[in-house]
Amino acid sequence: MPHPVLIVGAGPTGLTAAYELARQGVPVRLIEKSASPATTSRAIAVQARTLEMLAQRGLADTLVARGVQTRIAQFYGEGAPLFRLDFAHLESRFPYILFVSQVETETVLREACAALGVETEWNTELVAIAREGHDAQAGPIAVLRGPGGTLEELRPDWVIASGGAHSLIRRTLNLPFEGKSVGQGFVLGDQMVSGAMAPEELHIFSSGEGFLGMFPLGGRRFRLIASDVADSEQPDLETLQQVFDARAHLPATLHDLTWSSRFAINSRMVGTLRVGRFLLGGDAAHIHSPAGGQGMNTGMQDMMNLGWKLARVIEGTAPENLLDSYEAERLPVIRDLLHGTEALTANMASTSPVRRMLIDHISPYLGSRDLVQEKVAARMGQIAIGYEGGPLADGPHARGTIAPGARLPDPLLEVARDGAWHPAHAQDLVDPSGFVLLCAGDGPAPESPFAKSLKLRPAPDHAEAFAQVFGREGTAVLVRPDGYVALSAPLADAARAVAAYAEAHFAS
């Protein structure tokens, strides 16, 4: 089979899936029913955790250069400042939200795929999908309609549904898309803004008139998103200016509108991400409020979780049931995302006088606390996401070290290479294609056929941050290809612990 994986939908989720598989040698076909790349931007926020994972693949710098690094989010209530969220509290090399057009994000991913020989097949639509038999593990049968209406029957080994909220695959598999409609209409506009707003800050206004967000796109261009605008026509510049004036209470003029739209918010998810050889991710599996800029990042991270697992199953170095961990790990993340974005939307867009009073009086107090700033920034930046308690986090846990399932932090350290010590950050040592055993303390790094072993020590003046990850005794931390911890064990016992982990989860 020349193309064992069919990927349906070439947005950020599908492109990430194609890149993750292709760079590990898995042949893919990436189809997209649109005739050409999108020219209007939908998602505009790339979060710290996504940037960390892109950095491990050599893609972050290119994307960062195309966007606006927003380090401050200013929240207002009834036009008066409530609090400032400072993303300097993010314990990441990317202490900001990167605001960049989805068009640019897709371009970077598309170019990365092309460098691996994967081209998007435009104007190619999945029109029918079935299984060869009644067995849940039966192979997929897909019918594609290509340019000019030509039909093609395809029998891929695996199908990834990343084609958006109206996924034919999800509907054919009869998977309920459970959730609700938020109920209120929203407007969107991309335009220039002249006036008092800081051009590289995120501005969120919450008032009795409703919600208004101003998201920086660079060069004094902002995306405006607002709730509860009754006019049913496509919003023009005059309408958007009126909304801004009523809710922002800042002297500013909107001009040079390039795109406007209306949209409704649905908050829905599937109850499973795998049905036999069909796998779902991104908008095909979950849709929600744009509050917090979480959606595109979640879809991309779905595929970074799935990609290395599916590649190992296809190459025969892992059993097929490894794919069950994709659902087990990502469904709780998705469920938490829906609950969080629903709550944020309800609070920020509320016109209830009681709720408005609570927000206006409590937010300044809570927002001024460092602990609250740290937790909110970590949640928005998605570095708080982890898989503790999941099926691949059942390995040992050495005293004083980071817990299995947690994201590997990024302390400055030194790594032994070629007989010398070299400075590095911990996340630089993650191998997106394989496991890495990071070894700290006296004694040689144990050899393992399952993972590449690296010997580490604290960088000068960074001993405390190093100890929070690796403990204060000789330890080894096994890190997955997606940068999450699999286990930590005393250095003397590491070889046995890694072998047991590999036997438990990867023995075919």
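Up top you'll find the structure we're talking about.
Note that the coordinates shown come from a computational prediction; the quantities given were computed from them, not determined experimentally.

S.K.: Before we move on, could you go through the overall build of the protein chain and cite the residues and values that matter?
M.R.: For the protein chain, the helix and strand inventory stands at 12 helices and 26 strands. Taking 508 residues into account, the globule formula puts the C-alpha radius of gyration at 23 Å, and the protein chain, at 24 Å, falls close to it. Dimensions of the protein chain, computed from the C-alpha atoms along their principal axes, are close to 65 × 65 × 40 Å. In the protein chain, which comprises 508 residues, the share counted as buried stands at 56%. A separation of at least 24 residues holds for 69% of the contacts in the protein chain among residues at least 6 apart in sequence. Of the roughly 20,500 Å² of accessible surface on the protein chain, 53% is carried by carbon and sulfur atoms.

S.K.: Hey, could you go over the sheet that holds strand 1 (residues 5–8) for me, with residue numbers and the actual values?
M.R.: Ordered by their spatial adjacency, six strands build an open sheet running 8-2-1-12-19-18, and the pairing between neighbours is mixed. Looking at the sheet topology across the chains shown, the edges are occupied by strand 8 (120–121) and strand 18 (274–275). Judged from the two bridges that link them, strand 18 and strand 19 (residues 278–280) form a sheet pairing that is antiparallel. If you follow valine 275 over to strand 19, its bridge partner there is phenylalanine 278.

S.K.: Please provide a residue-by-residue account of the layout of surface pockets, values included.
M.R.: Quantified by volume, the second largest pocket comes out at close to 430 Å³. Around the second largest pocket, the lining comprises 18 residues; the ones closest to its centre are Glu91, Ala378, Ile383, Ala384 and Arg407. Looking at the lining of the second largest pocket residue by residue, the classes come out as 10 nonpolar, two polar and six charged.

S.K.: Give a detailed account of unusual backbone geometry, specifying residues and quantitative values.
M.R.: Of note in this structure, asparagine 174 is not a glycine but carries a positive phi near 60°. Here asparagine 174 shows up in the loop between helix 5 (168–172) and strand 13 (178–195). Residue asparagine 174 is classed as exposed on the basis of its relative accessible area, which comes to 64%. One non-glycine residue, aspartate 461, lies in the positive phi region at around 70°. With respect to the helices and strands, aspartate 461 occurs in the loop between strand 24 (451–458) and helix 11 (463–470).

S.K.: Residue-level account of the packing of aromatic side chains, with values.
M.R.: For the structure on display, the rule yields 15 aromatic pairs. Between phenylalanine 205 and phenylalanine 244 the ring centres are 6.4 Å apart and the planes differ by 75°, which places this aromatic pair in the edge-to-face class. Of the two residues, phenylalanine 205 is situated in strand 14 (residues 202–207) and phenylalanine 244 in helix 6 (residues 237–248); the sequence distance between them amounts to 39 residues. This pair shows no difference in class: phenylalanine 205 is buried, exactly as phenylalanine 244 is. Measuring from centroid to centroid gives 5.6 Å for tryptophan 308 and phenylalanine 435, while their planes differ by 85°, and the two rings are edge-to-face. Highlighted residues: tryptophan 308 in helix 7 (residues 295–315) and phenylalanine 435 in strand 23 (residues 435–440), separated in sequence by 127 residues. The ring of phenylalanine 177 has arginine 170 lying over it, and the distance from NZ or CZ to the ring centre is 3.7 Å. Lying over the aromatic face of tryptophan 158, arginine 277 brings its terminal NZ or CZ to 4.5 Å of the ring centre.

S.K.: So, the side chain of arginine 170: which residues are in play, and what are the values?
M.R.: Looking at the secondary structure, you find arginine 170 in helix 5. Among buried Asp, Glu, Lys and Arg side chains, arginine 170 stands out as unpaired, with aspartate 283 the closest opposite charge at 8.9 Å. At 2.7 Å, the side chain of arginine 170 forms a polar contact with the backbone oxygen of alanine 165. Sequence-distant contacts of arginine 170, that is, excluding residues within four places in its chain, are made with Gly164, Ala165, Leu175, Phe177, Val270, Leu280, Asp283 and Ala284.

S.K.: Describe in detail the pairing of strand 6 (residues 80–86), supporting the description with residues and values.
M.R.: Pairing of strand 5 (residues 72–77) with strand 6, which is carried by six bridges, proceeds in the antiparallel orientation. Bridged to alanine 73 within strand 6 is leucine 85. The loop that links strand 5 with its antiparallel partner strand 6 comprises two residues; one of these, glutamate 78, has a positive phi angle of about 50°.

S.K.: Account for the pattern of salt bridges, naming residues and giving values.
M.R.: Under the counting rule described, the total for this entry stands at 30 salt bridges. In this structure, glutamate 125 and arginine 145 form a salt bridge, with 3.2 Å as the shortest nitrogen-oxygen distance. Linking glutamate 125 in strand 9 (residues 125–131) with arginine 145 in strand 10 (residues 140–145), this pair joins segments that are 20 residues apart in sequence.

S.K.: An account of the packing of helix 2 (residues 48–55) against helix 7 is needed here, citing residue identities and associated values.
M.R.: Their axes nearest at 10 Å, the elements helix 2 and helix 7 cross at an angle of 40°. The angle between the axes of helix 2 and helix 7 places the two elements in the oblique class. In the crossing of helix 2 with helix 7, the sense of the turn from one axis to the other is left-handed. Facing Arg49, Thr50, Met53 and Leu54 of helix 2, the residues of helix 7 in contact are Asn297, Met300, Gln301 and Met304.

S.K.: Go over the environment of leucine 250, please, and point to the residues and values.
M.R.: Tracing the sequence through the fold places leucine 250 in the loop between helix 6 and strand 17 (252–269). When its relative accessible area of 21% is taken as the criterion, leucine 250 is described as partly exposed. Sequence spacing of leucine 250 and glycine 79 is 171 residues, and the spatial spacing of their C-alpha atoms is 7.5 Å. Excluding anything up to four places from it in sequence, leucine 250 contacts Tyr76, Met197, Phe205 and Phe244.

S.K.: Can you lay out helix 10 (residues 370–380) for me, pointing to particular residues and giving the numbers?
M.R.: Helical periodicity: at 3.6 residues per turn, an α-helix aligns residues three or four positions apart in one direction. Among the residues making up helix 10, those that are buried are Gln373, Ala377, Ala378 and Met380. Viewed end-on, helix 10 has its buried residues packed into an arc of 165°, placing them on one side of the element. Along helix 10, exposed side chains directed more than 90 degrees from the buried face belong to Leu371 and Lys375.

Scoring rules and cut-offs
Residues numbered from 1 in each chain as written. Predicted model: local features only at pLDDT ≥ 70, side-chain atom pairs only at ≥ 80, totals over all residues. Heavy atoms only, no water. Helix = DSSP H or I, 4+ residues; strand = E, 2+ residues; numbered from the N terminus. Rg over C-alpha atoms; globule rule 2.2 N^0.38 Å. Buried < 20%, exposed > 50% of the residue type's maximum accessible area, 1.4 Å probe, protein only. Contact = heavy atoms within 4.5 Å. Areas by Shrake-Rupley, 256 points an atom, 1.4 Å probe, with all protein chains shown as cover. Pairing = 2+ DSSP bridges. 1 Å grid on protein atoms, 1.4 Å probe; cavity = no way out; pocket = protein on both sides within 12 Å on 5 of 7 lines; lining within 4 Å. Points joined across faces, edges and corners; volume = space filled by probe spheres on them. Nonpolar A, V, L, I, M, F, W, Y, C, P; charged D, E, K, R; others polar. Phe/Tyr/Trp six-rings, centres within 6.5 Å; stacked < 30°, edge-to-face > 60°. Lys NZ or Arg CZ within 6 Å of the ring centre and 35° of its normal. Lys, Arg positive; Asp, Glu negative; His and termini not counted. Salt bridge = Lys/Arg side-chain N within 4 Å of Asp/Glu carboxyl O. Polar contact = N/O pair within 3.5 Å; in protein donor to acceptor, adjacent residues only side chain to side chain. Axes fitted to C-alpha atoms, helices over the stretch in contact; angles between N-to-C directions. Parallel < 35°, antiparallel > 145°, perpendicular 65-115°, else oblique. Left-handed = near helix turned anticlockwise from the far one by under 90°. Arc of directions from axis to C-beta.

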